[in-house]
Amino acid sequence: MPESYPREIIEDLVDDNLEWNELHNMMSDFKDADRFEQVRDVLQERVDWDDPIVIPYADHLYVVAKSEDRWVIKCDCGHEFCEHDKNWKHDALINVRDTEEEYLEIYPEDMHPHPDYMELREYFCPGCRTLLEVTNVMPGYPIIHEFEPDIETFYEDWIDKPIPTPETQSA
Amino acid sequence: MSSEQHPPDASDEDDHEQTEESFPRMQAEKQKVKTKLENGEGIGWDGQSLRGQFEDLEERTEQTGHYAGFEKLSLKDENPIEYEQMFAQLRGELVNARETSKEVAATPIVEQEGELCYGLFTPEGDSIAISTGIIVHIHTMSEAIKYMINHDYEESPGIEPGDIFVNNDTHVGNVHPCDIATLIPIFHEGELIAWAGGVNHVIDTGAVGPGSMNVSQASRFGDGAYYTARKIGEDLEIYNSWKNDFPDKTRTPDFLKLDERTRMTGCLMIRNAVNALIDDYGIEKFKQLSREAIEDGRRGFRSRIQKTMLPGTYRGASFVDALYEGQDNLSRAYASENHLMHAPSELHVREDGSFQVSFEGANKWGWHPYNCTPAAIQGGIWVMLTQTVIPNKLVNDGAYYSCDFHLPEGSWANTQNTETAHAYAWHFLVSAWAPLWQHLSRGYFSRGFREEINSGNANTSNWLQGGGIDQFDKLHAVNSFEAACEGTGARYVEDGEPHAAAIWNPEGDSGDAEVWEMTEPLPFLGRNVKPNTGGAGRRTGGAGFESMRTVKDVSRWLLYEMGNGYMSSDSGLFGGYPAASGYILNAQDTDLKERFENGEDFPQSDLDPESGDFESKIDGDITRRPEGISTPKEFDDYDMYLNYLRGGSGLGDPMEREPKKVVEDIHDGYVLPRHAKDAYAVVVNKVDDEAKHNSAVQGEWELDEEATEELRQERMQERKERAQPVSEWYEDERLRIRDDEDLIEDVKKTYESSMRMSKQFTEFYHEFWDLPDDFRFSLSEDAEKSLENRFKTGKKRKWKNPTKSHETWLGVGRDDEPEVPYTWNNERSIQDLSGPDASFETPSRGKAADDD
């Protein structure tokens, strides 16, 4: 059981440079105990800003520490959305596909949802306009807040590490 | 008892040398049970009644926080090698039973697709070890055993050595009635020490329409034959009453007979394996193992969650359509209405690594065959977890003991009404668990386990089903299990697997066309990868495929479709798009025969529905429509039917997909060339009409890198122009809802149904859109009547006498727990989550469990 992968393997995982057989082995193998810390450290090096990453939140998005007791959701382009326990989508840009014409850009005829029954909500980062999430819901559905991590329990009870702060990051 | 102490004839039985009437070990056991019963003792351990033993187990589990009170795994800790040997031996024998017995089966469903599985259970019905295959049914069999215990089968009809039980009742322990389970009790020294169980999917249940999952019935009475945890034999001999009963309740009696032999073969192999294990290790070690393995599984689940996920709350919602308005051949006029499934999915991962899964807000059940029971939902989620959280040998009911389910009574997810139909419960079930993949993937992402992230699964359809008089002039039914082969959701690190498997059978397969043609009068005209079925994304969803079938040498033959049409049930993840939805394509009264005779071209595919290619190659009455469900309709020789199997959803922004991969997608038949530009902003040019690649049908294409770069820049600008701040959109949308504009009745009816089911959902909906407290969507008289009819129908429970902990079926969470919290409202704090004290013990730390 590997307690830990070498740093370069984790870098390759983050940078999408692993071959399929390496990924497959990784899937089949025991889970390494320090993956979170290793990936977090690599991601911290990859981003262009200094706020300490508390957790990777979603593709391109992070919860970062602005102070000891303030965490925000931030895109890797630098755009900051909201407090970590709020729904970042409320601060995003949205495009709704709810016509046949708009569906046909993505799907062939007859192979897309009926616009009266389902719409696609595309959420973009206002900073870099990356498409961060697409949700397919009935028209009229509230915006879904998908993930509220319990960061304190995770750090304090699950991995027994201090939560990163701007002070500890620069230390 | 050691092996030396066995009566000399015992080994004969195990070596299959006994005469027909012998089974000496079983007969000896039967005598011991008889003596115990005469002495007023039960068949449980140490003379307990089985129900008493079950209640005792529940109590010890509750009091100690460990399965059956096993706070220590003494066998595992003190003799780990022996523990592993014993468990591996059991596991191996279960897999062996499946691999051997499936060769007994006649239907390609079992033999080709492997729609079969086995489990070994404790006397109380908790699974200890399982085979491979359709392992969703491990937990459903567990429920069936618990049903028998809770309904005093020990007293009547009795549970004795050599007894054979069968169940396919969804309200007892099943997903839908076409999965039939055989259960046999295993005894040692007059005590019930285990159950062996096997399930397979049968080809016809004798429903109102042919096939295993008919779609035109409104209630249970059209679902086909239900066998409610019935004793069908003793002394390992099937009763004549059963032999003369069930064959007339199906259109395919020979297949069902062979299926039964398959299950019996496997169960007897498992029984022999258990006897051998006891001979080798002794009964006390076997009992110890059976308890420890489940406690080990429970700990392993939690340990794995704590290693790979994040505590907190995860939410999602999925939908699927079941459109019946105007369908022909419905069994009740009031079933002629459209239904949409609404599945709000909320997962709490608690501090101790345990799960709470809630479907609060799910809408009402309907007069359609897609309703679910708790056994279906729990089994379904369990099989999904085995493919993500616990992809290892230690899969058993330990995982179940780490999950609490809140399935609102009266919703489609827990009808608690035996009048409801369930023939294709999977339609809602598969769709409803789609968000769970994403909950797990979000956790894996945060922990850095990128190799485990998966955007979801396919909607496992279309189901080609039907029947009539076949090519051998016999009454027959078909259920093509090509649906066991669908595209999978995109992974974070790789595209989804194309035409690979179905979530309910990890070892799924499309089956050989030639084998299907032997049992179905539906020759293949073509079988192809279907473009644009996988969702677009940085990683694409795995593509589905399609088969073009015709009909030959039949009379009074019916066919129908079953799948999603107006809705995509599976979301994309992190900017990926949902998989494509389905459609129906048939041709009747065709000129196919003449085309064959004249050597003319005929349709072999429908790769691009917009191309007109199909219509250009056949004359006839062509039906092409974007729905996914049709009720049985007549087909004749040379009619045509498209069987389209779905793809998986995508992951990541499609603009981040490497342009050269999009060209490969075109050449592999996964993407139509025009969608390179539309969906991926990739410019490709056709360089040759002749395709050089194996799967390519669209010619040879090459990438224009410069134009692609330019287009992608333009597209980013377009995004800015097309998109608006969510705050602006919210205001417009809020007014639209408040003023009850635009939304169609089917959608409004679904919201109303959820609101009438759930005070919490109502409050959430009102608060989110800032609506007045008395807000209600206006509905037509018909829609009002439909809701009223179903809400007033009330409950008709199947479980009359559940033990204490089994009330989880009926309520919210185990009854020693607080209700699963509802947390969709914005105001809540994540600290409102119930703490680990609510369920079982605090997690053990510092010691790696065998969880990987």
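Source: prediction; values computed, not measured.

Cut-off values and rules
Residues numbered from 1 in each chain as written. Chains lettered and ligands numbered in written order. Predicted model: local features only at pLDDT ≥ 70, side-chain atom pairs only at ≥ 80, totals over all residues. Pairing = 2+ DSSP bridges. Helix = DSSP H or I, 4+ residues; strand = E, 2+ residues; numbered from the N terminus. Domains from an automatic or database assignment. Contact = placed C-beta atoms within 7 Å. Nonpolar A, V, L, I, M, F, W, Y, C, P; charged D, E, K, R; others polar. Axes fitted to C-alpha atoms, helices over the stretch in contact; angles between N-to-C directions. Buried ≥ 20, exposed ≤ 12 C-beta atoms within 10 Å, placed from the backbone.

*Asks:* Even after reading the chapter, I still don't get the sheet that holds strand S7 (residues 131-137) of chain A, so can you show me in this structure?
*Replies:* Strand pairing in a sheet relies on backbone hydrogen bonds. The paired strands run either parallel or antiparallel. The antiparallel open sheet is built from four strands, whose spatial order is S7(A)-S6(A)-S5(A)-S23(B). Whereas interior strands pair on both sides, the edge strands pair on one side only; in this sheet they are S7 of chain A together with strand S23 (724-725) of chain B. With six bridges joining them, strand S6 (residues 119-124) of chain A and S7(A) adopt antiparallel strand pairing. Within the sheet, the bridge partner assigned to A:Glu119 lies in S7(A) and is A:Val137.

*Asks:* Looking at this structure, how should I read the domain arrangement of chain B?
*Replies:* Residues and elements named next belong to chain B. By the assigned domains, chain B splits into domain 1 (10-297) and domain 2 (454-654). Each of domain 1 and domain 2 has a C-alpha centre, and the two are 36 Å apart. Tallying the contact residues gives 22 residues for domain 1 and 28 residues for domain 2. For the side of domain 1 that touches domain 2, the residue count by class is eight nonpolar, 10 polar and four charged.

*Asks:* Honestly, the domain arrangement of chain A in this entry has me stumped. Any pointers?
*Replies:* Residues and elements named next belong to chain A. Domain assignment breaks chain A into domain 1 (1-46) and domain 2 (47-170). Each partner contributes to the interface: domain 1 provides six residues, whereas domain 2 provides four residues. Looking at the side of domain 1 that touches domain 2 residue by residue, the classes come out as three nonpolar, one polar and two charged.

*Asks:* Help me understand the sheet that holds strand S15 (residues 545-550) of chain B in this model?
*Replies:* All names here are of chain B. The sheet built from five strands is open, its strands ordered S14-S15-S20-S17-S18 with antiparallel pairing. Whereas interior strands pair on both sides, the edge strands pair on one side only; in this sheet they are strand S14 (524-529) and strand S18 (621-625). Geometrically, the sheet is characterised by an average inter-axis angle of 10° between neighbouring strands, direction not taken into account.

*Asks:* How do you make sense of the interface of chain B and chain A when you look at a structure like this?
*Replies:* By convention, interface size is frequently given as the accessible area that disappears when the constituent parts associate. At the interface, 76 residues of chain B touch 63 residues of chain A. Broken down by element, the side of chain B that touches chain A gets its largest block of residues, eight residues, from strand S8 (residues 312-322) of chain B. Its residues assigned to classes, the side of chain B that touches chain A shows 38 nonpolar, 18 polar and 20 charged. Where strand S5 (residues 93-97) of chain A meets S23(B), two bridges bridge the pair, whose relative direction is antiparallel. Its bridge partner being in S23(B), A:Leu93 is matched across the sheet by B:Pro725.

*Asks:* Looking at this structure, how should I read the pairing of S8(B)?
*Replies:* Within a regular beta strand, the side chains point alternately toward one face of the sheet and then the other, so they alternate between its two faces. By the criterion of burial, S8(B) is predominantly enclosed, with 11 of the 11 residues buried. Where burial is concerned, the two faces of S8(B) agree: the one with B:Gly312, B:Tyr314, B:Gly316, B:Ser318, B:Val320 and B:Ala322 and the one with B:Thr313, B:Arg315, B:Ala317, B:Phe319 and B:Asp321 are both buried. Two strands pair when backbone bridges link them, and strand S8 (residues 147-149) of chain A and S8(B) are joined in this way by three bridges, in the antiparallel orientation. Directly across from A:Pro149, in S8(B), lies its bridge partner B:Gly312. Across 11 bridges, S8(B) lies against strand S9 (residues 339-349) of chain B in antiparallel orientation. Pairing of B:Ala317 across the sheet is with B:Pro344, part of S9(B).

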